[in-house]
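Listed here are the chains, written in short residue letters.
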Amino acid sequence: MLCTNIQSWRYPFKVMEATAASLLLPSAREVLIPVLLLLAAGSLSGRASADGVRYDYRAYTECKPHPEPALYDGGVLRWASKVTDFRTEDEGNYSPAFVLYNMSAAIAYSFSCWVKIEGPGSAYVKAKILTLENAASQCIGNALVRNDCWSFLKGGFALNSSSQTSVLYFQTASPNASTISIRSASLQPFSPDEWNQHREDRIQLIRRRFVNVHVSNSNGSRVIGAKVAVHQITRDFPFGSAISKNIIGNKPYQEWFTKRFNAAVFENELKWYATEPSPGKEDYTLADQLLQFVQSRDVMARGHNIFWEDPRYTPAWVKNLTGPQLRTAVAGRIESLLSRYKGDFVHWDVSNEMLHFGFYEDRLGGNATAEFFATAKRADPLATLFLNDFNVVEACDDLSSSADAYVAQLRRLADGGVTFEGIGLEGHFGKPNIPYVRAVLDKLGTLRLPVWLTEVDIGSSLGQRAQAEYLEEVLREGFAHPAVDGIVLWTAMGTNASCYQMCLTDANFTNLPAGDVVDRLLEEWQTREVVGDTNDRGSFNFSAFLGEYKLVVTYQNLTSEGTFSLARSDDTKHINVRLAGPVVV
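Overview of the structure. Bear in mind that the values here come from a model prediction, so they are computed numbers and not experimental data.

**Things to note about the overall build of the protein**
Then, number 1: The secondary structure content of the protein amounts to 14 helices and 27 strands.
Then, number 2: Residue burial in the protein is summarised as follows: out of 585 residues, 55% are buried.
Then, number 3: Restricting the contact set of the protein to residue pairs at least 6 apart, pairs at least 24 apart contribute 78%.
Then, number 4: Summing over all exposed atoms, the protein offers an accessible surface of approximately 24,100 Å²; the carbon and sulfur share of this is 48%.

**Observations concerning the sheet that holds strand β25 (residues 558-566)**
Then, number 1: Overall, antiparallel pairing links the 4 strands, which are arranged β22-β11-β24-β25 in an open sheet. The open sheet has two edge strands with one neighbour each: β22 (529-533) and β25. Here the average twist between neighbouring strands, direction ignored, is 15 degrees.
Then, number 2: Where strand β11 (residues 227-235) meets β22, 5 bridges bridge the pair, whose relative direction is antiparallel.

**Re the pattern of salt bridges**
Then, number 1: Under the definition given, this model contains 26 salt bridges.
Then, number 2: Residue R199 pairs with E473 through a salt bridge whose shortest N-O separation is 3.3 Å. Placement of the pair is R199 in helix α3 (residues 192-206) and E473 in helix α13 (residues 464-480), with a sequence separation of 274 residues.
Then, number 3: Taken together, the shared-partner salt bridges in this structure form one network comprising E200, E472, R476, R520 and E524.

**Examining the packing of α3 against α13**
Then, number 1: Where α3 meets α13, the axes come as close as 8 Å, and the angle between the chain directions of the two elements is 45 degrees. On the basis of their axis angle, the class for α3 and α13 is oblique. Considering the relative orientation of α3 and α13, their crossing is left-handed. Contact residues: W195, R199, E200, R202, I203 and I206 in α3; E473, R476, E477, F479 and A480 in α13.
Then, number 2: Among the residues forming the contact of α3 with α13, the class breakdown is 5 nonpolar, no polar and 6 charged.

**Brief notes about the pairing of strand β10 (residues 208-216)**
Then, number 1: Pairing analysis gives 7 bridges linking β10 to strand β23 (residues 539-545), with the strands arranged antiparallel. Bridge pairing in β23 places V213 opposite F540.

**A closer look at helix α10 (residues 368-379)**
Then, number 1: The end-to-end C-alpha distance of α10 is 17 Å, a good match for the 16 Å that 12 residues give at a rise of 1.5 Å each.
Then, number 2: Of all the residues in α10, the buried ones are A368, T369, A370, F372, F373, A376 and A379.

**Re the packing of aromatic side chains**
Then, number 1: A full pass over the atoms with the stated rule returns 34 aromatic pairs.
Then, number 2: Here the aromatic rings of Y109 and F157 are separated by 4.9 Å at their centres, their planes lie at 15 degrees, and the arrangement is stacked. Linking Y109 in strand β4 (residues 108-118) with F157 in strand β7 (residues 151-157), this pair joins segments that are 48 residues apart in sequence. Comparing Y109 with F157, the two get one shared label, buried.

**Notes on the environment of L153**
Then, number 1: By secondary structure assignment, the location of L153 is in strand β7.
Then, number 2: Using a relative accessible area of 0% as the deciding quantity, one classes L153 as buried.
Then, number 3: In this structure, L153 is in contact with F111, S112, C113, V115, V125, A127, G141, N142, A143 and K443, ignoring residues within four places of it in sequence.

**So, the state of the cysteines**
Then, number 1: One pass over the full model with this rule turns up 3 disulfides.
Then, number 2: Between the sulfur atoms of C139 and its disulfide partner C396 the distance amounts to 1.9 Å. Between C139 and C396 the disulfide shows an S-S torsion of about -45 degrees. By sign, it is left-handed. Of this pair, C139 sits in strand β6 (residues 136-146) while C396 sits in the loop between β17 (384-389) and α11 (403-415), and the two are 257 residues apart along the sequence.
Then, number 3: A sulfur-sulfur separation of 1.9 Å characterises the disulfide bridge that pairs C499 with C503. On the sign convention where negative means left-handed, the S-S torsion of about 110 degrees between C499 and C503 marks this disulfide as right-handed.
Then, number 4: Assigning the bonded cysteines of the protein consecutive numbers by sequence position, one obtains the connectivity 1-3, 2-4, 5-6.

**Some words on the sheet that holds strand β9 (residues 179-190)**
Then, number 1: Strands sit in the order β7-β4-β9 across an open sheet of 3 strands; the sheet is antiparallel. The open sheet has two free edges, formed respectively by β7 and β9, since each of these has just one partner strand. Strand after strand, the sheet turns through a mean of 20 degrees between neighbouring axes, direction not considered.
Then, number 2: Bridge count between β4 and β7: 7 bridges; the pairing is antiparallel.

Conventions we followed
- Residues numbered from 1 in each chain as written.
- Predicted model: local features only at pLDDT ≥ 70, side-chain atom pairs only at ≥ 80, totals over all residues.
- Heavy atoms only, no water.
- Helix = DSSP H or I, 4+ residues; strand = E, 2+ residues; numbered from the N terminus.
- Buried < 20%, exposed > 50% of the residue type's maximum accessible area, 1.4 Å probe, protein only.
- Contact = heavy atoms within 4.5 Å.
- Areas by Shrake-Rupley, 256 points an atom, 1.4 Å probe, with all protein chains shown as cover.
- Pairing = 2+ DSSP bridges.
- Axes fitted to C-alpha atoms, helices over the stretch in contact; angles between N-to-C directions.
- Salt bridge = Lys/Arg side-chain N within 4 Å of Asp/Glu carboxyl O.
- Parallel < 35°, antiparallel > 145°, perpendicular 65-115°, else oblique.
- Left-handed = near helix turned anticlockwise from the far one by under 90°.
- Nonpolar A, V, L, I, M, F, W, Y, C, P; charged D, E, K, R; others polar.
- Expected span 1.5 Å × (residues − 1).
- Phe/Tyr/Trp six-rings, centres within 6.5 Å; stacked < 30°, edge-to-face > 60°.
- Disulfide = S-S within 2.5 Å.

Okay, structure coming up:
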């Protein structure tokens, strides 16, 4: 439909990013917009629907000699005009680009392509969408790209407002990368109903399981019309929140917390500056009390954190140490912390935010983190050891913490002898870009490691209603994604009912809008009770969320009771019940 190719186009994008649309130079708007509109022999209207196409979770982290075929056979890019030499003044890029028409704000767009550069050995490349009506650009994906092979870039976006004319283009973070080559580009639109249905389908596949209860009598004959009652005892998926010292001795807070959550993380009480504010003067009183509370309520706990790479949160006395003194201090920190709590925490964030900061490696050398992991593993072999960082799923523009930067860090540590164990994604969101979130999870999921959203919240500047709306989108996306093994909110209540960015309740533990979202989703994501009768084959079939269950089968004056668990599996769970005998699971 769009058949005209522009060979070269220079756009004064630096001016447009720096000024509001109303302040654009008249020549820019009066000349460029009409020229672009003349390119169209048609438009993309009528093609915004994905026509039932299922979301493709495929992604790649390895650089390949040849690109793979385009996802969705290219999607709507099959009809887009291609600009082979798109230039932007802000970074002097020479970039291929696609001209798109009639883009809808109601649509989620999934983007992917294979990228290669000429010039330096490697450079980060961003994919961006520019809407000409308001001169706004948005980063929609990024990749660490090489000059000797093809790298996979996957991202996505939803526009803030519909756009008559948009340009999808690429930028490098290196001015020496003179040429960007693109292959197998794809842009696939999904309506809100389609996007939500994909999530529901995944939830059925990975968070629920089909069960067949077959009832027979003492002779082994099927029993028709037996009453089957199934009640969920515990949930399998870890869903939790941060807590702080303010929950200690606070009965209303404790009751509110344990009614909802099966996982916890301590906000500050395990951090080095809290447990050893002065050299040799350790104080684990608050951490011990918090641990006693969560263990008394059968709540699992993440250990956060052993080291925080940000110098601002490194104990002042540690910042004054160098060489052997610093090595002795960090070894003592690991030994003291993990020997005290060996077996108590299911995870440890060994190095927190090392994609952004490098306090310890800057002073102890590039193998320091590998040594931390090795020492921690010896101290607590049962704990899963994590890296943890921010802006991996929250921000496309922060190349320090892109999915590829995370993968590169993990591979560097693996070369130093560290075994990959866990990926922590903090999740401190402003307005989340949900298609981008899914794309990042797709990419990290290729590593086959536990991925946790560890500190989820939404910025307070958006207001409580918007916080709740965006929180629900993030939680649904995380719960539905096959790579995500747990979610923890960063909603510890401090003094005067304050929270880091987002509270779930007021001071009286009455839900705020975000708290209502949490309660609604927790109710939706559990199977409180299933009841029914066996059919003419002596079977009762149902689907239930993963977890532990109590089963009661009655027929006339006979009853059998037992428990069973539903773990993640593609197979149906078969339970044979012999009345007047034990339940066989």
